[in-house]
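# Residue-level structural notes
What follows is each chain in one-letter form.
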Amino acid sequence: MSDAAPTAAARGLDATAVAHVVRRLARADEAPWLHREVARRMAERLALIRLTPQRVIDWSSWLGAGAGLLQQAYPEAQRILVEPHEALRERSAAAVRAPWWSVQRWQGRAPQVLGERDALPGGAQLVWANMLLHGVVDPPRLFERWHELLLPDGFVMFSCLGPGTLQGLRTLYARLGWPAPTPGFVDMHDLGDMLVQAGFADPVMDQELITLSWPDADALLAELRSLGGNAAPTRAAGLRTPRWKERLRRELATLAGPDGRPSLAFEVAYGHAFRGAPRARGGEPTRVSIEEMRQLIRRKGGGPVR
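First, a word on what this report is: a plain description of the structure on this page. Remember, predicted model here, so these are calculated numbers, not experimental data.

So, about the sheet that holds strand β3 (residues 112-115). Pairing within the open sheet is mixed, and its seven strands lie in the order β3-β2-β1-β4-β5-β7-β6. The open sheet has two edge strands with one neighbour each: β3 and β6 (200-213). Across the sheet, the axes of successive neighbouring strands diverge by a mean angle of 15°, strand direction being ignored. Where strand β1 (residues 55-59) meets strand β2 (residues 78-83), five bridges bridge the pair, whose relative direction is parallel. Bridging from a neighbouring strand, D58 pairs with L81 of β2. Its contacts with the sheet put helix α5 (residues 86-96) on β2 and β3, and the angle it makes with β3 is roughly 175°.

Okay, structure coming up:
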């Protein structure tokens, strides 16, 4: 597999392998540390958005680790947690289930948990998706769906891994003649183009490198396993032998710095964009929902629409 960022159509993700990885991650005690850290950094960017959403869709909520941050940022908002796999839906449902004595239970503010294939309520003003897109086979179609769920001037905010992720490990595998250890990751500029194609306006994309280090190769491998797995169809077939794993440990020692700790970098891409107001196409009627009309009239200072 080339190190160049692939197009979405040629990503080559194995959907069955992705589902297997997700089921394994759903059995963990908590979301991966990196997901929680990126969610924290992404939540800091909410302060830049003047809109206060009344309905928030948290896509892949449990692995995204942003539910608490969104509750803190928008305590009065209706939150809808959407999970792409049943195992994650069960984890989210258990996480938000309030005990009978909880004030939240009697005030009716508990989030709604739905599956990705369910009929989802529209009229959202924020779709939030942390560390999800690098495991999505068809990002353009998902962007289109998010666009459909948002009100005019609502916005999407997401993060995902970019092509600079684990470059040191990819170079090591290439030197040894092994299949690439990761699938291809989409470049942030390509993600921005997909947003525009889906109908979003003013996409803003940026990225940062987060470098992690570990005391030894075993700790490194345990962290990588907690983050997921290689879902590329070109991955090595079958089980690896103990001899191969021992060689991998020795090779990972070459990634160590002067302190003797192996380290690897993760490229994290961040994006947000707004859904603009509906625009008519030549010769076609404009279809605007009642909820969209209410929002447009409120922004223009008109009276209530009932």
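Turning our attention to the pairing of strand β4 (residues 124-129). Within β4, six of the six residues are buried, which leaves the element mostly enclosed by the surrounding structure. Pairing of β1 with β4 involves four bridges; the strand directions are parallel. Counted as the bridge partner of W59 is A129 from β4. Here β4 runs beside strand β5 (residues 150-161); their pairing, made up of five bridges, is parallel. Note on β5: the bridge partner recorded for V127 is V156. Tracing the backbone out of β4, into helix α7 (residues 139-149) and back to the parallel element β5 gives a crossover that is right-handed.

On to the nonpolar core. With 39 residues, the main nonpolar core has L46, L126, W128, M157, L252, L264 and F266 as its most contacted residues. Elements represented by at least two residues in this core include exactly α2 (33-44), β4, β5, α8 (167-175), β6, α10 (217-227), α11 (242-252) and β7 (263-275). Looking at this core element by element, the count peaks at five residues for α2. Ignoring any residue separated from it by four or fewer positions in sequence, one finds L126 in contact with L46, P53, R55, V56, I57, L70, Y74, L150, F155 and M157. The next biggest cluster of nonpolar side chains, apart from the first, holds 30 residues, and it includes W59, L120, L195 and A269.

In this section: the side chain of Q125. Mapped onto the elements of the fold, Q125 is located in strand β4. The class of Q125 is buried, set by a relative accessible area of 8%.

Another point: unusual backbone geometry. The residue S60 is not glycine, and still its phi comes out positive at about 60°. By the element assignment, S60 lies in the loop between β1 and α3 (61-64). Within the chain, A65 stands out as a residue other than glycine whose phi angle is a positive 60°. Assignment of secondary structure puts A65 in the loop between α3 and α4 (67-73).

Moving on: the packing of aromatic side chains. For the structure on display, the rule yields six aromatic pairs. Ring centres of Y173 and W178 lie 5.1 Å apart, and the angle between their planes is 85°; this geometry places the pair in the edge-to-face category. Under the relative-accessibility criterion, Y173 is labelled buried at 10%. Through pairs of rings, three or more aromatic residues link up here, namely W59, F143, W146 and F158. Directly above the ring of Y270 sits R45, whose terminal nitrogen or CZ lies 3.9 Å from the centroid.

Okay, the environment of F200 next. You can see F200 is positioned in strand β6. When neighbours within four sequence positions are excluded, F200 is seen to be in contact with F143, W146, H147, L150, V156, L195, A273, F274 and R275.

Now for the pattern of salt bridges. Summed over the entire model, instances satisfying the criterion amount to 13 salt bridges. E37 is the salt-bridge partner of R41, the closest N and O atoms lying 2.7 Å from each other. With R41 and E37 both in helix α2 and four residues apart, this pair spans about one turn of that helix. Exposure remark for R41: the relative accessible area of 25% places this residue in the partly exposed category. Residue classification places E37 among the buried residues on the basis of a relative accessible area of 13%. R41 is paired through a salt bridge with E208; the nearest N and O atoms lie 3.1 Å apart.

Rules behind the numbers
- Residues numbered from 1 in each chain as written.
- Predicted model: local features only at pLDDT ≥ 70, side-chain atom pairs only at ≥ 80, totals over all residues.
- Heavy atoms only, no water.
- Pairing = 2+ DSSP bridges.
- Helix = DSSP H or I, 4+ residues; strand = E, 2+ residues; numbered from the N terminus.
- Axes fitted to C-alpha atoms, helices over the stretch in contact; angles between N-to-C directions.
- Contact = heavy atoms within 4.5 Å.
- Buried < 20%, exposed > 50% of the residue type's maximum accessible area, 1.4 Å probe, protein only.
- Right-handed = clockwise from strand over helix to strand, strands pointing away.
- Core = buried A, V, L, I, M, F, W, Y, C linked by side-chain atoms within 4.5 Å.
- Phe/Tyr/Trp six-rings, centres within 6.5 Å; stacked < 30°, edge-to-face > 60°.
- Lys NZ or Arg CZ within 6 Å of the ring centre and 35° of its normal.
- Salt bridge = Lys/Arg side-chain N within 4 Å of Asp/Glu carboxyl O.

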